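Observations on chain architecture
The lines below spell out each chain.
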Amino acid sequence: MQQPTPRPAPPHGSLRRAPVQQRSAQRLARILDACAHVLEESGYDNLSTRSVAVRAGVPIGSVYRFFPNKRAMAEALARRNLNAYADRITARLTTPAHASSEWRRAMDVVIDEYLAMKRTVPGFALVEFTVPAPRAARQANYEVADRLLALFAGPLGLDTADERLRTAFLVGVETADALLQLAFRTDPQGDPAIVAETKLLLRAYLARYLDGDGDGDGDSDGNGDGDAADGGTAAAAAEGRARHPGR
């Protein structure tokens, strides 16, 4: 009998008190927006409750009402990022243009939405789904993996309690995390060749778990998307070599 994959205990909530009234919720959102912009401009080491209060245009007591310190504030921002990421994926997968049970297309959406947030969301490069700390990063990837499995469960008919699937999604998230960090170290916008290879790697690995026939060969809908993906990867690789001729 397969033993469950150990999951780290989730961190305690970062908020000292949750907003009840709309005005309080709006103030909290303004504080987190300011936190994101200060991170973008000054980095995590220079983040402080005072700098965020100044940027948000609120008394510092308003910041302390929600957060005891900068780490708690950054954790709340990371939580908001994760919720926004899940919402973006859900919105893409439920539009007529993308609604499909074909998991390869859905997995591309997962990568594309991460890239979009990395490129456009203030502070996301420093605080994605966790604060800059190794232990917290490990916890965050467990949570991201479970959130993605939950998003895929309905359209694909997956069992979120299946430990093999939970482990597979965790391995996929950890692998994509490492490769996409490499892509952004190579190119500030994300090296297109590495991004394309990441998508192919995830498709090949997850096929054994998500393909209906379980053999991982070809496309589950038989429409030749695998060949199209290979062509796209070759084009992206060529673009990457042209942008980085020394590689």
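Note that the coordinates shown come from a computational prediction; the quantities given were computed from them, not determined experimentally. Each chain carries its own residue numbering, running from 1 in the direction its sequence is written. Two thresholds apply to this predicted model, a pLDDT of at least 70 for residue-level local features and 80 or more for giving and counting side-chain atom pairs, whereas whole-chain, interface and lining totals are computed over all residues. Values shown for side chains rest on all heavy atoms present in the structure; no hydrogens or waters enter the calculation.

**Focus on the overall build of the protein**
Our working rule: Runs of H or I in DSSP of at least four residues are treated as helices and runs of E of at least two as strands, each being numbered from the N terminus. We call a residue buried when its accessible area falls under 20% of the maximum for its residue type, exposed when it is over 50%, and partly exposed in between, using a 1.4 Å probe and counting protein chains only. The contact criterion used is simple: two residues touch if any of their non-hydrogen atoms lie within 4.5 Å. Only the protein chains shown count as cover for residues, with accessible areas throughout obtained via the Shrake-Rupley method and a probe of 1.4 Å.
Per the secondary structure count, the protein includes nine helices and zero strands. Listing each helix as α and each strand as β along the protein from the N terminus yields α-α-α-α-α-α-α-α-α. Per-residue burial over the protein gives 43% buried out of 247 residues. Considering only intrachain contacts with a sequence separation of at least 6, the fraction spanning at least 24 residues in the protein is 70%. Accessible surface for the protein amounts to roughly 12,900 Å². Of this, 53% is attributable to carbon and sulfur atoms.

**Some points on the side chain of Thr198**
Selection criterion: Polar contacts, as counted here, are pairs of nitrogen or oxygen atoms within 3.5 Å of one another; within protein the pair requires one atom able to donate a hydrogen and one able to accept it, and residues that are adjacent in sequence qualify only if both atoms are side-chain atoms.
Note on placement: Thr198 falls in helix 8 (residues 192–210). For Thr198, a relative accessible area of 1% corresponds to the buried category. Among the polar contacts listed, one links the side chain of Thr198 to the backbone oxygen of Ile194, at a separation of 2.8 Å. Contacts of Thr198, omitting those with residues within four sequence positions, involve Ile111, Ala176, Leu179 and Leu180.

**Description of the nonpolar core**
Quick reminder of the rule: Residue types Ala, Val, Leu, Ile, Met, Phe, Trp, Tyr and Cys, when buried and joined through side-chain atoms within 4.5 Å, form a set referred to as a nonpolar core.
By size, the foremost hydrophobic cluster in this structure holds 39 residues, and its most contacted members are Tyr85, Phe129, Leu148, Leu158 and Phe169. Broken down by secondary-structure element, the contributors of at least two residues to this core are helix 4 (70–93), helix 5 (103–120), helix 6 (134–156), helix 7 (163–186) and helix 8. Apart from the residues lying within four places of it in its own chain, the contact partners of Tyr85 are Val110, Glu113, Tyr114, Met117, Phe129 and Leu148. Membership of the second largest hydrophobic core comes to 25 residues, among which are Ala34, Tyr44, Phe67 and Ala76.

**Points about the environment of Asp146**
With respect to the helices and strands, Asp146 occurs in helix 6. Given the relative accessible area of 24%, Asp146 is considered partly exposed. With 19 residues separating them in the primary sequence, Asp146 and Leu165 have C-alpha atoms 9.5 Å apart.

**Brief notes about the pattern of salt bridges**
Two side chains that carry opposite charge are able to pair once their charged atoms sit near each other. Quick note on the threshold: For this document, the term salt bridge refers to a Lys or Arg side-chain nitrogen within 4 Å of an Asp or Glu carboxyl oxygen.
In the structure shown here, the tally under the stated rule is 13 salt bridges. In this structure, Lys199 engages Asp112 in a salt bridge whose closest nitrogen and oxygen atoms are separated by 2.7 Å. You can see Lys199 sitting in helix 8 and its partner Asp112 sitting in helix 5, a full 87 residues away along the chain. The network of salt bridges with shared partners includes Arg88, Arg92 and Glu113.

**What to know about the packing of helix 4 against helix 5**
Counted only if it meets this: Orientation is described by axes fitted as lines to C-alpha atoms, over the contacting stretch for helices, and by angles from 0 to 180 degrees between their N-to-C directions. By the definition adopted for this analysis, an angle is roughly parallel if under 35 degrees, roughly antiparallel if over 145, roughly perpendicular if from 65 to 115, and oblique otherwise. Helix crossings are classified by the rotation of the near helix relative to the far one: an anticlockwise turn of less than a right angle makes the crossing left-handed, while a clockwise turn makes it right-handed. Put simply, Ala, Val, Leu, Ile, Met, Phe, Trp, Tyr, Cys and Pro go in the nonpolar bin, Asp, Glu, Lys and Arg in the charged bin, and everything else, Gly too, in the polar bin.
Running from N to C, helix 4 and helix 5 cross one another at 135°; their axes reach a closest spacing of 10 Å. With respect to helix 5, the element helix 4 is oriented oblique. Every pair of crossing elements has a handedness; the one defined by helix 4 and helix 5 is right-handed. Of helix 5, the residues touching helix 4 (which contributes Asn81, Ala84, Tyr85, Arg88, Ile89, Arg92 and Leu93) are Ala106, Val109, Val110, Asp112, Glu113, Tyr114, Ala116 and Met117. Considered class by class, the residues forming the contact of helix 4 with helix 5 number ten nonpolar, one polar and four charged.

**Quick word on the environment of Leu156**
Inspection of the secondary structure assignment puts Leu156 in helix 6. Using a relative accessible area of 24% as the deciding quantity, one classes Leu156 as partly exposed. Taking the C-alpha atoms as reference, Leu156 lies 9.9 Å from Asp211; in sequence the two are 55 residues apart.

**Concerning the confidence of the model for the protein**
Where the model shows low pLDDT, its predicted coordinates should not be examined in detail. Operational definition: pLDDT is defined as a per-residue confidence score from the predictor, taking values between 0 and 100.
With 74% of its residues at a pLDDT of 70 or more, the protein shows a mean pLDDT of 82. Averaged over each element, pLDDT in the protein is lowest for helix 9 (residues 225–243) (46) and highest for helix 2 (residues 49–56) (97). Throughout residues 1–13 the model reports pLDDT below 50, and contacts reaching past four residues in sequence, or to other chains, amount to 17 contacts. Segment residues 213–247: pLDDT under 50, and 43 contacts once partners within four positions in sequence are set aside and those in other chains are kept.

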